[in-house]
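# Tertiary structure, described
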Amino acid sequence: MKRLSLLILPVLLALSGCASVFTNPAPGSTVAEVIALKGQPDAQYQDGNTTLLEWSVPAYGDHAWMARIGPDGKLISYKQVLTRENFGSIRINEFTKNDVLKTVGHPTETEMSPLSGYEIWSYRYLEEGIWHSMMHVFFDSNGVVRKMENGQDPMYLLD
């Protein structure tokens, strides 16, 4: 048993340096405390009288986080935003690019469809926390959402 604990100790010490990765800031934390814990955000948005801080998804990741900061500079909420529920809240023919950014953050990939003229933002995410999926959001030339499509993440398709 002593030998096992000696083998585990370096792993635990290494993980303790990454504690902020696994620790969410508590509601009521100041902006400075949130940034000290999570690092500099990738983007910031004004949403009414609150501010959203985004930590966007890496190229092959399937999670992104948003902190909502109240007018008093304190954390209201901190959550993972790439979820079926959040994608479901995007209203076709109403939401703009800015609305989508405030809802699910920056896309993993972007492209233009030469046939339709749509700009397509694609997001990797875990549907139901299990299935590797991609959500595609299609914008017209005015930046309004015109349709959405969901499917399996091609990165995980078998040859």
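Just above sits the structure.
Residues numbered from 1 in each chain as written. Predicted model: local features only at pLDDT ≥ 70, side-chain atom pairs only at ≥ 80, totals over all residues. Heavy atoms only, no water.

It is worth spelling out the pattern of salt bridges at this point. Under the defined criterion, the tally for this structure stands at 10 salt bridges. Ionic pairing is found between Glu85 and Arg84, a salt bridge with its closest N-O pair at 3.6 Å. Overall, the relative accessible area of 40% leaves Arg84 in the partly exposed class. Salt-bridge contacts for Arg146 lead to Asp140; the nearest nitrogen and oxygen are separated by 2.7 Å. One connected set of salt bridges, linked through shared partners, spans Asp47, Arg68 and Lys102. (Salt bridge = Lys/Arg side-chain N within 4 Å of Asp/Glu carboxyl O. Buried < 20%, exposed > 50% of the residue type's maximum accessible area, 1.4 Å probe, protein only.)

Spatial ordering of the open sheet is given by E5-E6-E7-E8, a layout of 4 strands whose pairing is antiparallel. The strands lining the two open edges of the sheet, one partner per strand, are strand E5 (109-112) and strand E8 (145-152). Across the sheet, the axes of successive neighbouring strands diverge by a mean angle of 25°, strand direction being ignored. In the sheet, strand E7 (residues 131-139) pairs with E8 via 7 bridges, with the strands oriented antiparallel. Within E8, the residue paired with Phe139 across the bridge is Val145. Contacting strand E6 (119-127), E7 and E8, helix H5 (residues 97-104) crosses the sheet at an angle of about 15° to E6. (Pairing = 2+ DSSP bridges. Helix = DSSP H or I, 4+ residues; strand = E, 2+ residues; numbered from the N terminus. Axes fitted to C-alpha atoms, helices over the stretch in contact; angles between N-to-C directions. Contact = heavy atoms within 4.5 Å.)

Below, the discussion takes up H5. Among all positions in H5, only Val100, Leu101, Lys102, Thr103 and Val104 are buried. Directly beyond the C-terminal end of H5, a positive phi value near 80° is found at Gly105.

As a further point, take the environment of Gly73. Within the element layout of this structure, Gly73 appears in the loop between strand E3 (65-69) and strand E4 (75-80). Placed 43 residues apart in sequence, Gly73 and Thr30 show a C-alpha to C-alpha distance of 5.9 Å. For Gly73, the contacting residues outside a window of four places in its chain are Ser29, Thr30 and Val31.

On to the side chain of Glu54, then. Along the chain, Glu54 turns up in strand E2 (residues 50-55). Of the buried charged residues, Glu54 lacks a salt bridge, with Lys102 as the closest side chain of opposite charge at 12 Å. Once residues within four sequence positions are removed from consideration, Glu54 is found in contact with Pro41, Asp42, Ala43, Tyr45, Trp65, Met66, Gly105 and His106. (Lys, Arg positive; Asp, Glu negative; His and termini not counted.)

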